[in-house]
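As a plain string of letters, each chain reads:
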Amino acid sequence: MSYKVRFVNPAKNYQMIKDEIDRAYFEVMSKGDLIDRGQLRSFEENLAEFVGTKYAVGLNSGYDALHMSLRAAGIGPGDEVIVPAHTFVATCSAVVNVGAAPVLVDVTKDFNIDVDKIEEALSEKTRAIIPVHLSGYMADMPRVMKIAEEYSLVVIEDACQSLGSGINGKMAGSWGLTGCWSFYPFKILGGYGDGGAITTNDPDVALFATRMRYNGEDRETGEYHGHGFTCLLDNLQAAFLDVKLRHLPAWIVRRKQIADRYRAALSDIPGLLLPHYDKPGFDHIYQNYTVRSKQGNDFSEYLKKNGVEILTQFRKPYYKHEALKLVDRGFPETEAISREVCSLPMNVEITDEEIDYVIKTVRSFYGL
Ligand SMILES: *Cc1c(COP(=O)(O)O)cnc(C)c1O
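Residues numbered from 1 in each chain as written. Predicted model: local features only at pLDDT ≥ 70, side-chain atom pairs only at ≥ 80, totals over all residues. Heavy atoms only, no water.

Chemist: Tell me what's going on with the sheet that holds strand β11 (residues 289-293), and back it up with residues and numbers.
Modeler: With antiparallel pairing, 3 strands are arranged side by side in an open sheet as β10-β11-β12. Every other strand in the sheet has two partners, leaving β10 (272-273) and β12 (341-344) as the edge strands with one partner each. Pairing of β11 with β12 involves 4 bridges; the strand directions are antiparallel. For V291, the partnering residue across the bridge sits in β12 and is C342. Contacts from helix α10 (residues 332-340) reach β11 and β12, with the element oriented near 95 degrees to β11. (Pairing = 2+ DSSP bridges. Helix = DSSP H or I, 4+ residues; strand = E, 2+ residues; numbered from the N terminus. Contact = heavy atoms within 4.5 Å. Axes fitted to C-alpha atoms, helices over the stretch in contact; angles between N-to-C directions.)

Rendered as structure tokens:
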């Protein structure tokens, strides 16, 4: 299907920064700097500074960041980990793949974990909480940290959708033992292939990840410090990401402008819930602009039919996929969200005319 307005437009985004990206490419290629070189170091330093942590360690994906964090925290068989029922499946799969048991907790209207429901999900075996900051808006971290402290739990932030967000100026990814990042192409900071990282203030965690991402090897001594993995962020991707990170603050400003336009034009529609919340101090950087339409599929199909490319993550909650063998304890908010979600185009390539077209199409669905 050919869309009038694309959900994202990576080729157009490339054109916006082509000179810088091409320069980074030629620099890496002409030197043959493919693995673990200066570009990776530079990106890690800049990422840590941006997030406000001492360390950042580049990995191969957001999944790897979650997996590495759980390993670093020593979580494994016999342990339970709290995860939200509404998230990308990788949050949960990382827990399962270290041999621990995920315990799902419903979310609230802001799409993030319902902190009021965490305590009833704890058991003697609970070792960690993975709050997810979905779509660019953070989970209620002051309250999550308080519970974690009270019950001596490790906090691993799945911040894959919230680079640049914060609460009262304290950035996503700087609250827990680690912040987990994905640089999947369509994330707010997207590479040209898979990529990820952790941020942390803990030197032992940073060292652990730095070795284990490279099969456990200390690259200076050649000593293996454990059975590790191959999940190092590519040097070439790091070079590209370093370029894009410099643009991120301005890009976040643009995303907020787009969100304001949507809000001004759509907030009068009954039956359409917009992603604007009023928790004081909480920032929203709009990785996604996810609305909730009572009309569910009718709404999302109408937009598609009229040339607006949208995303409906996730119509089927991950715990309902049989092969994952997860326990559905009943998550009413997640179920309602799943029926109603529809993410409108939100990217820095989009033109004002395209935004106006999206707005017009949404309004016409509602007969306005
Ligand atoms: C994208 C994403 C991940 C996984 O990142 P990958 O780089 O694709 O492995 C994990 N959690 C959330 C919330 C994400 O959005």
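Chemist: How would you sum up the domain arrangement of the protein chain? Please name residues and give values.
Modeler: Along its sequence, the protein chain is organised into domain 1 (10-105 + 112-243) and domain 2 (248-365). The centre of domain 1, based on its C-alpha atoms, is set 24 Å off from the matching centre of domain 2. Listed by partner, the interface residues are 36 residues for domain 1 and 31 residues for domain 2. Summed over both sides, the interface of domain 1 with domain 2 buries roughly 3000 Å², with 63% coming from carbon and sulfur. (Domains from an automatic or database assignment. Buried area = accessible area lost by both parts, 1.4 Å probe.)

Chemist: Tell me what's going on with the site of the ligand, and back it up with residues and numbers.
Modeler: Around the ligand lies a shell of 14 residues, among which G62, D158, Q161, S182 and K187 are the nearest. Residue D158 places a side-chain N or O atom 2.7 Å away from a nitrogen atom belonging to the ligand. Q161 is positioned with one of its side-chain polar atoms (N or O) 2.8 Å from an oxygen atom of the ligand. Within the residue set of the shell around the ligand, elements represented by two or more residues are α4 (62-72) and α5 (90-97). (Near = heavy atom within 4 Å. Polar contact = N/O pair within 3.5 Å; in protein donor to acceptor, adjacent residues only side chain to side chain.)

Chemist: Break down the packing of aromatic side chains for me, with residues and values.
Modeler: Counted by the stated rule, this structure contains 15 aromatic pairs. With centroids separated by 5.7 Å and ring planes inclined at 35 degrees, the aromatic side chains of Y137 and F282 adopt a geometry described as tilted. Residue Y137 is located in the loop between β4 (126-129) and α6 (141-150), and its partner F282 is located in the loop between β10 and β11; the two are separated by 145 residues in the primary sequence. Accessibility classification places Y137 together with F282 in one group, the buried group. Measuring from ring centre to ring centre gives 6.1 Å for Y318 and Y319, while their planes differ by 75 degrees; the resulting arrangement is edge-to-face. Among the aromatic residues, those joined into a ring-pair cluster are F299, Y302, F365 and Y366. One Lys or Arg, K170, reaches over the ring of W175 and ends 5.4 Å from the middle of that ring. (Phe/Tyr/Trp six-rings, centres within 6.5 Å; stacked < 30°, edge-to-face > 60°. Buried < 20%, exposed > 50% of the residue type's maximum accessible area, 1.4 Å probe, protein only. Lys NZ or Arg CZ within 6 Å of the ring centre and 35° of its normal.)

Chemist: Explain the nonpolar core residue by residue, including any values.
Modeler: Core analysis: the largest hydrophobic core is formed by 43 residues, its most contacted members being F43, L47, L163, W181 and F183. Counting residues per element, the ones that place at least two in this core are α3 (38-51), β3 (101-105), α6 and α8 (235-266). In this structure, this core is formed jointly by two domains, domain 1 (10-105 + 112-243) and domain 2 (248-365), each of which donates at least three residues. Apart from the residues lying within four places of it in its own chain, the contact partners of L47 are A56, L163, W181, F183, A197, T199 and L245. L70, A94, I156 and A206 belong to the second largest nonpolar core, which has 32 residues in total. (Core = buried A, V, L, I, M, F, W, Y, C linked by side-chain atoms within 4.5 Å.)

Chemist: Account for the pairing of β11, with residues named and values stated.
Modeler: Along β11, 5 of the 5 residues are buried, which leaves the element largely enclosed by surrounding structure. Side chains Y289, V291 and S293 project from β11 onto one buried face, and the interleaved T290 and R292 project onto a second face that is buried too. One ladder, built from 2 bridges, connects β10 with β11; its direction is antiparallel. The partner of L272 across the bridge, within β11, is S293.

Chemist: Help me get a handle on α8, residues and values and all.
Modeler: The first and last C-alpha atoms of α8 sit 43 Å apart over 32 residues, in line with the 46 Å expected at 1.5 Å per residue. The axis of α8 is deflected most strongly, by about 45 degrees, at L248, and proline P249 appears within four residues downstream. (Expected span 1.5 Å × (residues − 1). Bend = angle between axes of the 7 residues up to and from the residue.)

Chemist: So what's going on with the pattern of salt bridges? Residues and values would help.
Modeler: Considering all chains together, one arrives at 26 salt bridges under this definition. Taking the shortest distance from any N to any O, the salt bridge between E309 and R6 comes out at 3.5 Å. Residue E309 is located in the loop between α9 (296-305) and α10, and its partner R6 is located in the segment before α1 (10-16); the two are separated by 303 residues in the primary sequence. Under the relative-accessibility criterion, E309 is labelled partly exposed at 22%. Classification of R6 as partly exposed rests on a relative accessible area of 38%. The salt bridge partner of R127 is D79, with a shortest N-O separation of 3.2 Å. Linking R127 in strand β4 with D79 in the loop between α4 and β2 (80-84), this pair joins segments that are 48 residues apart in sequence. By relative accessible area, R127 is classed as partly exposed at 29%. (Salt bridge = Lys/Arg side-chain N within 4 Å of Asp/Glu carboxyl O.)

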